[in-house]
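Structural features, examined
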Amino acid sequence: MRDYVEMDMLDYSSEAINSWYKKEEIPVLNVIATPYNTSLVFGEVIGEVIKKNKKILYITNQEEEDNQLIKYIKARLNCRSFSFIRKGKEKTSANIIFINHEAAMDYKDDLELVIYDNLNGYSPYSRIEIQILLDHLYKYTRKIITYSTDRMFLNSPVFEAPTIGGSYPIREPRVLTTRIDLSRDIPYIIYDYLSWFAKINRKVIIYTPNKSSTYKVYNYLASLKDKLKAVIHKLEDDRKDKNIEYLMKAKDVSLIVITNCYEDNYKDMRDIDVIVFNADHRIFDNKKILFFCGKVGLYNKSGQGEVILLANETTEEMEAAKNITRRFNKVAWERGFFS
């Protein structure tokens with residue numbers, strides 16, 4: 001394999017994965033990367049499987065229209081033999097089968113390769129739930145790749161590829177602790193942050209732990225609307241709001257969205273910042289925090305953007321997220337991808 005300093009991260013990672021695939025004796029590979037990284041890293045190995053006219057099961061939470069891998073398969077591999085199935089009991093002769101986690105639990109046909117993409121689109125499934133699914137599929141396939149922020153299989157090789165899809169570090173979260181009762185008030189420093197973000201026309205997403213908190217934060221900020229000089233919206237469920245979708249794309253509008261929904265409903269966000277309200281709530285595990293960091297990094301091409309964790313105390317989950325983002329950036333710097 002060529003040295004990574006001679007090639008970009010995508011080429012290096014693709015070649016490393018394909019090299020693993022050709023080793024008969026190693027059935028599982030953990031590929032570790034930052035959230036919202038590119039799925040194109042699997043283009044080369046998918047091409048190898050297609051040449052053999054064998055099947056790949058690609059498990060993803062990403063919607064069909066957002067899947068860049070399909071465009072690659074059509075254009076570069078000249079392959080039309082793929083399908084999206086919603087139920088694992090559905091039959092298909094396609095070489096590449098895209099499927100979600102739930103449907104994959106019922107899948108029982110022979111496969112050459114299973115790829116579990118836990119990065120392109122936030123999913124609520126835990127590491128244990130993913131391991132249970134892959135244990136089920138293990139008896140139907142020859143090879144398995146997991147694509148996640150951490151390793152899924154402890155006794156299998158790991159390939160770290162933190163910057164496949166971008167040229168900037170993932171944003172490390174900033175922890176702000178306060179003695180203020182966050183069920184009743186918001187510290188003044190958050191008002192300062194919001195005023196600054198509004199002044200430079202950025203988009204801010206404030207994540208809360210539940211619907212009650214969403215209402216309280218929204219009502220408080222709505223009373224400051226004229227001072228903040230920003231458009232303020234609340235999002236109470238995972239349905240798309242056309243007004244928010246339009247404002248997210250507007251260049252010269254400052255927008256604050258308060259929500260307790262963590263789905264990836266808005267794909268074209270630019271210049272965003274994230275504030276996690278009550279970040280010490282048990283619902284905010286390190287996976288959610290990492291995806292907030294990935295969301296900021298993905299859509300801020302200048303490398304700007306903040307992820308602020310507002311809490312009464314620092315939790316182990318916050319520390320874990322900080323350590324993981326720091327580790328990603330350290331590996332990328334050492335390999336020369338930010339120089």
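Residues numbered from 1 in each chain as written. Predicted model: local features only at pLDDT ≥ 70, side-chain atom pairs only at ≥ 80, totals over all residues. Heavy atoms only, no water.

This part covers the packing of helix 1 (residues 9–21) against helix 2 (residues 43–51). Contact geometry of helix 1 with helix 2 gives a least axis separation of 7 Å together with a crossing angle of 35°. Facing helix 1, whose interface residues are Ser14, Glu15, Ile17, Asn18 and Tyr21, helix 2 presents Glu44, Val45, Glu48 and Val49. Of the residues assigned to the contact of helix 1 with helix 2, the class counts are four nonpolar, two polar and three charged. (Axes fitted to C-alpha atoms, helices over the stretch in contact; angles between N-to-C directions. Helix = DSSP H or I, 4+ residues; strand = E, 2+ residues; numbered from the N terminus. Contact = heavy atoms within 4.5 Å. Nonpolar A, V, L, I, M, F, W, Y, C, P; charged D, E, K, R; others polar.)

Let's shift gears to helix 9 (residues 242–249). Among the residues of helix 9, those classed as buried are Ile244, Leu247 and Met248. The buried residues of helix 9 occupy an angular sector of 105° when projected down its axis, which confines them to one face. In this structure, helix 9 carries Lys242 and Tyr246 as exposed residues pointing more than 90 degrees from its buried face. Elements that come into contact with the buried residues of helix 9 comprise strand 9 (203–207), strand 10 (231–235) and strand 11 (255–259). (Buried < 20%, exposed > 50% of the residue type's maximum accessible area, 1.4 Å probe, protein only. Arc of directions from axis to C-beta.)

Turning next to the packing of aromatic side chains. Summed over the entire model, instances satisfying the criterion amount to 14 aromatic pairs. Residues Tyr12 and Phe159 carry aromatic rings whose centres are separated by 5.6 Å and whose planes lie at 50° to one another, so their mutual orientation is tilted. Here Tyr12 is found in helix 1, whereas its partner Phe159 is found in strand 7 (residues 158–160), with 147 residues between them in sequence. Like Tyr12, the residue Phe159 is buried in the burial classification. One aromatic cluster is present, built from ring pairs that chain together Phe42, Tyr58, Phe84, Phe98 and Tyr147. (Phe/Tyr/Trp six-rings, centres within 6.5 Å; stacked < 30°, edge-to-face > 60°.)

Let us look at the environment of Glu90. Turning to its location among the elements, Glu90 is positioned in the loop between strand 3 (82–85) and strand 4 (96–99). Separated by 17 residues in the primary sequence, Glu90 and Tyr107 place their C-alpha atoms 8.3 Å from one another.

Turning our eyes to something else, we now look at the side chain of Lys288. For Lys288, the position within the fold is in helix 10 (residues 286–298). Asp285 provides the closest opposite charge to the buried, salt-bridge-free Lys288, at an N-O distance of 4.5 Å. Apart from the residues within four sequence positions on either side, Lys288 is in contact with Tyr122, Tyr262 and Ile283. (Lys, Arg positive; Asp, Glu negative; His and termini not counted. Salt bridge = Lys/Arg side-chain N within 4 Å of Asp/Glu carboxyl O.)

Looking now at the sheet that holds strand 4. For sheets, the rule is that strands pair by backbone hydrogen bonds, running either parallel or antiparallel. Pairing in this open sheet of seven strands is parallel, and the strands run 3-4-2-5-6-1-7 from one edge to the other. On the outer flanks of this sheet lie strand 3 and strand 7, each paired with one strand and no other. Across the sheet, the axes of successive neighbouring strands diverge by a mean angle of 15°, strand direction being ignored. Direction of pairing for strand 1 (residues 28–32) relative to strand 6 (residues 143–148): parallel, over a ladder of five bridges. When the sheet's bridge partners are listed, Val28 is paired in strand 6 with Ile144. (Pairing = 2+ DSSP bridges.)

On to the pairing of strand 12 (residues 272–277), then. A large share of strand 12 lies buried, amounting to six of its six residues. The alternating pattern of strand 12 places Ile272, Val274 and Val276 and Asp273, Ile275 and Phe277 on opposite faces, both of which are buried. Pairing analysis gives five bridges linking strand 9 to strand 12, with the strands arranged parallel. Looking across to strand 12, one finds that Ile206 is bridged to Ile275. Where strand 12 lies against strand 13 (residues 307–311), four bridges are found, and the strand directions are parallel.

Time to look at the sheet that holds strand 12. Read from one edge of the open sheet, six strands run 8-13-12-9-11-10, paired in parallel fashion. Of all strands in the sheet, those bounded by a partner on one side alone are strand 8 (174–177) and strand 10. Each strand of the sheet is rotated relative to its neighbour by a mean of 20°, with strand direction disregarded. Taken together, the five bridges between strand 10 and strand 11 define a ladder with parallel strand orientation. Paired with His233 across the bridge in strand 11 is Val257. Against the sheet, helix 7 (residues 211–222) contacts strand 9, strand 10, strand 11 and strand 12, and its axis sits at roughly 170° relative to strand 10.

On to the environment of Phe82. Relative to the assigned elements, Phe82 resides in strand 3. With 13 residues separating them in the primary sequence, Phe82 and Asn95 have C-alpha atoms 5.8 Å apart. Ignoring anything within four residues of it in the chain, the contact list for Phe82 reads Ile70, Ile73, Lys74, Ala94, Ile96 and Phe98.

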